[in-house]
Amino acid sequence: MDWLQVVILAVIQGITEFLPISSSAHLILVPVFTPWEDQGLAFDVALHLGSLSAVILYFRHEIIRMVVSSVAALRGKGVDEDARLGFWVALATLPVCIIGFLGRDLIADHMRSTLIIGLSLVAFGLLLGYADWKKRGTRSEYSMNLKDVLIIGFAQALALIPGTSRSGITITAALLVGMSREGAARFSFLLSIPVIVLAGGLEAVGLLSDPQAIDWPAMIVGTLLSGISAYLCIHYFLVVIKKLGMQPFVIYRVVFGLWLLWFFHF
């Protein structure tokens with residue numbers, strides 16, 4: 001890998017992992033417009049590690065409270081709002097795990113096309129715009145009930161369709177059940193932690209079964225750049241949505257999706 005490839009892939013991963021614009025839609029363009037070969041599983045694991053480190057660092061206080069409260073709840077000391085939020089994160093992760101395991105071959109073999117990505121960008125982008133415009137409320141991530149969590153959890157499973165965007169569809173579902181923009185985004189980011197751990201873990205297992213030479217300098221730089229760009233993305237995304245809402249991302253998704261459909265299919 002040359003250093004330009006390392007920088008571009010790491011920044012794309014760090015930014016698109018958390019913005020509601022679909023990382024798969026952007027990463028698919030890299031081999032189309034560059035002569036670069038596939039970066040390999042080792043570098044993919046490094047990029048996921050960077051993104052994971054960023055979200056854990058950003059929400060470290062919330063995570064610590066959730067872990068401490070959850071342990072206390074398991075010891076019979078009562079369930080407070082932090083323990084409940086930790087349970088909601090775990091519960092909302094189950095649908096994507098189950099559906100992803102059962103449908104991974106179908107997704108890998110038949111759904112990674114630019115047609116599906118373009119249509120998903122447009123359709124789910126418009127749904128995000130509708131949810132932000134008509135349905136958002138004022139509730140935080142601490143005010144969810146079981147129904148809300150199940151809706152968001154099953155919505156997250158739709159992110160298995162390339163172009164949907166995991167953060168985009170979970171934020172959309174959270175807005176539709178009456179959460180605020182900030183509450184929806186924060187819960188979406190917390191949900192990313194187990195998902196990234198599982199995705200990175202699967203890639204790591206694949207790496208162990210297919211050992212390859214590791215470019216350690218590229219791995220280290222890629223991890224750092226992915227982590228820094230992801231951390232800045234989380235911070236400024238939460239700032240932007242307070243002032244502008246989701247509509248800029250909706251416009252971007254629709255324009256980008258239509259461009260993909262035009263460029264590859266017309």
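Structure first, text after, so check above.
Small disclaimer: the values here were computed from a predicted structure and weren't measured.

Undergrad: Talk me through the overall build of the protein chain; I want residue IDs and the actual numbers.
TA: In terms of helices and strands, the protein chain carries 12 helices and zero strands. When the helices and strands of the protein chain are placed in sequence order, the string is α-α-α-α-α-α-α-α-α-α-α-α. The C-alpha radius of gyration computed for the protein chain amounts to 18 Å, which stays within 12% of the reference 18 Å derived for 266 residues, consistent with globular compactness. Expressed along its principal axes, the backbone C-alpha trace of the protein chain runs to roughly 55 × 40 × 35 Å. Each of the 266 residues in the protein chain was classed as buried or not, and the buried ones make up 48%. Here the protein chain displays about 13200 Å² of accessible surface, and carbon together with sulfur accounts for 70% of that area. For the protein chain, the centre of its 18 positive side-chain charges and the centre of its 18 negative side-chain charges are spaced 14 Å apart.

Undergrad: Tell me about helix H1 (residues 3–16), and please be specific about residues and values.
TA: The end-to-end C-alpha distance of H1 is 20 Å, a good match for the 20 Å that 14 residues give at a rise of 1.5 Å each. Taken together, the buried positions of H1 are Gln 5, Val 6, Leu 9, Ala 10, Gln 13, Gly 14 and Thr 16. Buried residues along H1 sit in contact with helix H2 (23–27), helix H3 (30–33), helix H4 (41–58) and helix H11 (216–244). Here H1 starts with a cap whose side-chain oxygen sits 3.1 Å from the backbone nitrogen of Leu 4, and that cap is Asp 2.

Undergrad: Go over the nonpolar core with me, naming the residues and quoting the values.
TA: Phe 187, Phe 189 and Phe 237 are the most contacted members of the largest nonpolar core, which totals 46 residues. Among the elements that make up this core, the one with the highest residue count is helix H10 (residues 181–209) (eight residues). In this structure, Phe 187 is in contact with Leu 85, Trp 88, Val 89, Ala 92, Glu 141, Met 144, Ile 152 and Met 179, ignoring residues within four places of it in sequence. With eight residues, the next largest nonpolar core counts Val 6, Ala 10, Val 30 and Trp 36 among its residues.

Undergrad: With reference to specific residues and values, describe the pattern of salt bridges.
TA: Within this structure, the stated rule accounts for five salt bridges. The shortest N-O distance in the salt bridge between Glu 62 and Arg 186 comes to 2.4 Å. Of this pair, Glu 62 sits in helix H5 (residues 60–74) while Arg 186 is found in helix H10, placing the two residues 124 residues apart along the sequence. Taking relative accessible area as the criterion, Arg 186 reaches 22% and is therefore assigned partly exposed. Here the salt bridges share partners, and the residues they tie into one network are Glu 62, Glu 141 and Arg 186.

Undergrad: Any details on a nonpolar patch on the surface? Residues and values, ideally.
TA: Taken together, the side chains of Leu 94, Ile 98, Ile 99, Phe 101, Leu 102, Leu 146, Leu 150 and Phe 154 present a nonpolar region at the surface, about 810 Å² in accessible area. Those elements giving two or more residues to the nonpolar patch turn out to be helix H6 (81–110) and helix H8 (146–157). Ranked by the residues each element gives to the nonpolar patch, the list is headed by H6, at five residues. Assignment of secondary structure puts Phe 154 in helix H8.

Definitions and cut-offs
Residues numbered from 1 in each chain as written. Predicted model: local features only at pLDDT ≥ 70, side-chain atom pairs only at ≥ 80, totals over all residues. Heavy atoms only, no water. Helix = DSSP H or I, 4+ residues; strand = E, 2+ residues; numbered from the N terminus. Rg over C-alpha atoms; globule rule 2.2 N^0.38 Å. Buried < 20%, exposed > 50% of the residue type's maximum accessible area, 1.4 Å probe, protein only. Areas by Shrake-Rupley, 256 points an atom, 1.4 Å probe, with all protein chains shown as cover. Lys, Arg positive; Asp, Glu negative; His and termini not counted. Charge placed at Lys NZ, Arg CZ, Asp CG, Glu CD. Expected span 1.5 Å × (residues − 1). Contact = heavy atoms within 4.5 Å. Polar contact = N/O pair within 3.5 Å; in protein donor to acceptor, adjacent residues only side chain to side chain. Core = buried A, V, L, I, M, F, W, Y, C linked by side-chain atoms within 4.5 Å. Salt bridge = Lys/Arg side-chain N within 4 Å of Asp/Glu carboxyl O. Patch = residues over 30% accessible without salt bridge, like charges linked within 9 Å, V, L, I, M, F, W, Y side chains within 5 Å.

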